[in-house]
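# A look at the structure
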Amino acid sequence: MPRGRYSLHDPHDHSFLGEEHFHCATGPSGWRYVSQLTTPTGEHAGSVDLTLDELGRPLRLEMHAAGWQVRGAALDGVTWVRSDPAGERAQEGNAAAHSFTGASPAFLVATSRLLRPAPGDRATRVRLVAFTPPVLAPRTLDQSWALENSEAHATDNAPLIVENYQVNDLETGEQHAVHLAGDVVLAAPGIELEDLESPPSTFAAPPS
């Protein structure tokens, strides 16, 4: 079960935004990621709890930040409820999208699991609902993902397979690189892996 810490930065001016302390695990029915977020001064800033099924679809999402919470799942596309903690300002939403995304590294792993591109394949287009900080406001966006290559890096145990993706924002034309090893993000815009207590998990082959 990987357990570690990411540092989060503004991808444009590189200012430090805080940290995300996480643990995650694969299982016969999918993958779960749980994290706590802290501010630059170490205060609690929110949480992420994401569960995927074996095909990479979001079975359950729960996020908290800035006095807001979001609960969502794959249902008629994706469906979610955004509310204050008391549930008094609940807003339901639904979109013809494939999954969710946001600032957490969890969503990069989730999208890669959903798409599973192979090296040399044409870029795969995906529609996502993003919950943007600080108030988890929903926005639908389109991306394309391409797996540029996979590299094996020697370790004291088994080789570490690093997958290098190119991700394009189809609205703005922005391109960026995402580097994954199993269910851990090694590097991506605004995300740095600072500490990892155990090796990344490997995913089982998807059902045929």
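Residues numbered from 1 in each chain as written. Predicted model: local features only at pLDDT ≥ 70, side-chain atom pairs only at ≥ 80, totals over all residues. Heavy atoms only, no water.

## Details of the pairing of strand E6 (residues 68-73)
Here is the rule we go by: One requirement defines pairing of two strands: DSSP has to find at least two bridges between them. Runs of H or I in DSSP of at least four residues are treated as helices and runs of E of at least two as strands, each being numbered from the N terminus.
Two strands pair when backbone bridges link them, and strand E5 (residues 58-65) and E6 are joined in this way by 5 bridges, in the antiparallel orientation. Bridged to histidine 64 within E6 is glutamine 69. Adjacent in sequence and paired antiparallel, E5 and E6 are bridged by 2 residues, among which alanine 66 carries a positive phi angle near 50°. With 5 bridges joining them, E6 and strand E7 (residues 78-83) adopt antiparallel strand pairing. Residue pairing for E7: valine 70 is matched across the bridge by arginine 82. Hairpin connection, E6 to E7: the antiparallel pair is bridged by 4 residues, and aspartate 76 has positive phi, about 55°.

## Structural notes on the environment of leucine 55
Tracing the backbone through its elements, the reader meets leucine 55 in the loop between strand E4 (44-52) and E5. Sequence separation between leucine 55 and leucine 114 is 59 residues, and the spatial gap between their C-alpha atoms is 6.1 Å.

## Side note on the pattern of salt bridges
Selection rule: Any Lys or Arg side-chain nitrogen located within 4 Å of an Asp or Glu carboxyl oxygen qualifies as a salt bridge. For the exposure calls, accessible area comes from a 1.4 Å probe over protein chains only, and a residue counts as buried if that area is under 20% of its type's maximum, exposed if over 50%, partly exposed in between.
Tallying each qualifying case throughout the model produces 10 salt bridges. Notably, a salt bridge pairs glutamate 19 with arginine 5, separated by 2.8 Å at the nearest N-O pair. Of the two residues, glutamate 19 is situated in strand E2 (residues 16-27) and arginine 5 in strand E1 (residues 3-9); the sequence distance between them amounts to 14 residues. You can call arginine 5 partly exposed: its relative accessible area is 25%.

## Observations concerning unusual backbone geometry
Leaving glycine aside, a negative phi is the common case for residues, and trans is the common case for peptide bonds. For the peptide bond that leads from proline 133 to proline 134, omega is 5°, which places it in the cis range. Its place among the elements puts proline 134 in the loop between strand E10 (124-132) and strand E11 (137-153). The phi dihedral of histidine 14 is positive, around 65°, even though this residue is not glycine. For histidine 14, the location among the structural elements is in the loop between E1 and E2. Accessibility expressed as a relative area gives 58% for histidine 14, which makes it exposed. Unusually for a residue other than glycine, arginine 116 sits at a positive phi of about 50°. Judged by its relative accessible area of 25%, arginine 116 is partly exposed.

Honestly, it's all geometry; don't read function into it.
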